[in-house]
Amino acid sequence: MTSKEMEARSGVPRANIRYYESEGLLTPARARNGYRDYSEADLAVLEKIKLLRRLGVPVEELKELRRGSRSLSEALDRRLAELAGERGTLERVERVCGDLRRSGESFETLDPGTYLSALDAPALPAADGEAWWKAPSAPALPASDALPVYTGLTRRLLARLFDEWGLTFALLAVIALTGHNPSLASGLAVQIAVYVIWLFLEPLLLLLFGTTPGKALLGLRITRASGERLTYSEGFTRYLLLLWYGRGAFIPIWSWIQMFRTANRCWNDEPQPWDVDTAYTAAPFRPLRHAAAFVLASVLVLACAEAANSRSQLPPNRGDLTVAEFAENYNRQAAYIGQSSTWILDETGAWKRAPDPPGTFVVDLDGSWHLDHDFRYTLENEAVRAVTLERAIENTEDWVYFPIGTITTAATALIWAQEDVPLWTFGRKALFRDLANADWENGFTLRGNGAVVTWEVESRNFHISGDSGLAIPNDKENNFFFFRCTIALED
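Quick look at the structure, then. (Residues numbered from 1 in each chain as written. Predicted model: local features only at pLDDT ≥ 70, side-chain atom pairs only at ≥ 80, totals over all residues. Heavy atoms only, no water.)

1. Topic: the overall build of the protein
Reasoning step 1: A count of helices and strands for the protein gives 16 helices and 14 strands.
Reasoning step 2: Per-residue burial for the protein yields a buried fraction of 39% across its 491 residues.
Reasoning step 3: Taking the contacts inside the protein whose residues are at least 6 apart along the sequence as the reference set, 62% of them involve residues at least 24 apart. (Helix = DSSP H or I, 4+ residues; strand = E, 2+ residues; numbered from the N terminus. Buried < 20%, exposed > 50% of the residue type's maximum accessible area, 1.4 Å probe, protein only. Contact = heavy atoms within 4.5 Å.)

Set out below in structure tokens:
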């Protein structure tokens, strides 16, 4: 029979049944699917346990009864003697309390010595022939017999999300601080890395602290049934079971089925397969403490991740730039945003073809454009104050592409290098949002972050599409196209 059927037939809650199993009093068989398969003999043993525990026989003595190292008569004799002593103690407390009440003593005049002596006298057994069950009660199973397993879905889910998303943001921050653009990182690779790291990290945290950051914020704790922390191997196995039964090993469709089953177990107050034989405890929920701590910690994680992301977008050279430093900034910014790296700037600020990666050959469809159109630099005390890019072409059959990516990269290389540029991304992106929405067909002037970007364009017999950044010749033998872009720092 299943755990649910065992609970229904015995009247013993599943939490108590799991506790008795963890103590070795019940040893059900396992079906092929891994679920417990209780027999009629298991039910008979459980009913005996239920009776003797309600009579107050300790679990340790039940273990001895199961092993055969103690007889039932010995256990009951000890319990009867214990009850007689408890009854004598209660009668003594009642008698001393009554004597004290009748004395009329006040707290100020009370002499406790006589009454304490009466309380501390040895307990006397019941008189011969007196029935100890004359005032019977029906005690329930002790609360300590239930293996604590917290099943609240919301707190468990939020704790798990905090841990996994916190590690995700930490990985993205590391990627950013190493000079790579986290937005270009493979989402699948990052997700796999998070679960692999967490597979080894969570068991270590449970071994050392019995909790994880997300669980600690929400007052959750995982230990053995005895209260001791899980071993590393126990925590490792627990997380593997969670990945299969809770996440379905990320197999399409199957993962959704497993997640629904996980939620359903929480709704039915059932333990998760990875929580079997562990104690999952939860402190009483205090909104001001737990919710506020969770929100503040989440904001802190996001702020640190955004700070790393914002810092990583700044070019390597700051302040007044030489041409060589501007070129280094440009090459780094182009690589950071994923722009084509076929052409880069050399130390003089001129275009040069980058070496092809080993084992590859890159076809350059527009190499002549770079060879013929270098940046022009306006210097002041050898520091770059303005960068200009222009092109004039006539009587061409070729389409002309606006160098929007090149201009944006150059702007970040020069403008974001200034010492007073804001650290946070949102404080320095207004100019570049304006560039994305600018009137490339007719020209524009934009100001922001202490700089001016101007775009001038002239054409004859060209169809210009500013939205796509493209100019197409209408007449291949009589056309003219010219543009100039200047990025200048303001005084």
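That covers the picture; the talk isn't over yet.
2. Things to note about the pairing of strand β8 (residues 383–394)
Working note: regular strand, side chains alternate between the two faces of the sheet.
Reasoning step 1: With 9 of 12 residues buried, β8 lies mostly within the body of the structure.
Reasoning step 2: Bridge analysis of strand β7 (residues 376–380) against β8 gives 5 bridges, and the strand direction is antiparallel. Residue tyrosine 377 lies in a different strand from β8, and its bridge partner there is valine 387.
Reasoning step 3: Here β7 folds back onto β8, and the loop between the two strands holds 2 residues, one of which, asparagine 381, carries a positive phi near 55 degrees.
Reasoning step 4: Strand direction decides the pairing type here: β8 and strand β14 (residues 480–489), joined by 9 bridges, are antiparallel. Pairing of alanine 392 across the sheet is with phenylalanine 482, part of β14. (Pairing = 2+ DSSP bridges.)

3. Structural notes on the packing of helix α8 (residues 187–209) against helix α10 (residues 232–246)
Reasoning step 1: Interhelical geometry of α8 versus α10 gives an angle of 140 degrees and a closest axis separation of 8 Å. The orientation of α8 relative to α10 falls into the category oblique. As α8 runs across α10, the sense of the crossing is right-handed. Residue-level inspection shows Tyr195, Trp198, Leu199, Phe200, Glu202, Pro203, Leu204 and Leu207 of α8 in contact with α10, the latter providing Tyr232, Gly235, Phe236, Arg238, Tyr239, Leu240 and Leu243.
Reasoning step 2: Of the residues assigned to the contact of α8 with α10, the class counts are 12 nonpolar, 1 polar and 2 charged. (Axes fitted to C-alpha atoms, helices over the stretch in contact; angles between N-to-C directions. Parallel < 35°, antiparallel > 145°, perpendicular 65-115°, else oblique. Left-handed = near helix turned anticlockwise from the far one by under 90°. Nonpolar A, V, L, I, M, F, W, Y, C, P; charged D, E, K, R; others polar.)

4. Let's talk about a nonpolar patch on the surface
Reasoning step 1: Together, Leu188, Ile192, Val196, Phe200, Leu204, Leu207, Leu208, Phe209 and Tyr232 give the surface a local cluster of nonpolar side chains, amounting to about 810 Å² of exposed area.
Reasoning step 2: Counting residues per element, the nonpolar patch draws most heavily on α8, at 8 residues.
Reasoning step 3: Checked against the element boundaries, leucine 204 lands in helix α8. (Patch = residues over 30% accessible without salt bridge, like charges linked within 9 Å, V, L, I, M, F, W, Y side chains within 5 Å. Areas by Shrake-Rupley, 256 points an atom, 1.4 Å probe, with all protein chains shown as cover. Salt bridge = Lys/Arg side-chain N within 4 Å of Asp/Glu carboxyl O.)

5. Here we look at the side chain of glutamate 202
Reasoning step 1: Note that glutamate 202 resides in helix α8.
Reasoning step 2: Classification of glutamate 202 as buried rests on a relative accessible area of 0%.
Reasoning step 3: A polar atom in the side chain of glutamate 202 sits 2.6 Å from the side chain of tryptophan 198.
Reasoning step 4: Residues contacting glutamate 202, with those up to four places away along its chain left out, are Arg160, Thr212, Lys215, Arg238 and Tyr239. (Polar contact = N/O pair within 3.5 Å; in protein donor to acceptor, adjacent residues only side chain to side chain.)

6. Description of the sheet that holds strand β9 (residues 400–401)
Reasoning step 1: Taken in spatial order, the 3 strands make up an open sheet running β9-β13-β12, and their pairing is antiparallel. In the strand order of this sheet, the two ends are held by β9 and β12 (462–465), each with one partner.
Reasoning step 2: Sheet analysis places β9 next to strand β13 (residues 470–473), joined by 2 bridges and oriented antiparallel. Directly across from tyrosine 401, in β13, lies its bridge partner leucine 470.

7. Observations regarding the environment of serine 39
Reasoning step 1: Mapped onto the elements, serine 39 comes out in the loop between β2 (36–37) and α3 (40–54).
Reasoning step 2: Overall, serine 39 belongs to the partly exposed group, its relative accessible area being 30%.

8. Quick look at the environment of aspartate 398
Reasoning step 1: Tracing the sequence through the fold places aspartate 398 in the loop between β8 and β9.
Reasoning step 2: Distance in space between the C-alpha atoms of aspartate 398 and lysine 476 is 8.5 Å, their sequence separation being 78 residues.
Reasoning step 3: Setting aside chain neighbours within four positions, we find aspartate 398 in contact with Phe462 and Pro473.

9. Section: the pattern of salt bridges
Reasoning step 1: According to the stated counting rule, one finds 22 salt bridges in the structure shown.
Reasoning step 2: Between glutamate 490 and arginine 447 there is a salt bridge, with the nearest N and O atoms lying 3.2 Å from each other. Taken together, the residues span a long stretch of sequence, with glutamate 490 in the segment after β14 and arginine 447 in strand β10 (residues 444–448) at a distance of 43 residues.
Reasoning step 3: Owing to a relative accessible area of 35%, glutamate 490 belongs among the partly exposed residues under this scheme.
Reasoning step 4: Here arginine 447 falls in the exposed class, since its relative accessible area comes to 57%.
Reasoning step 5: Bridged by salt links that share partners, the residues Arg156, Arg160, Glu202, Arg238 and Asp275 form one connected network.

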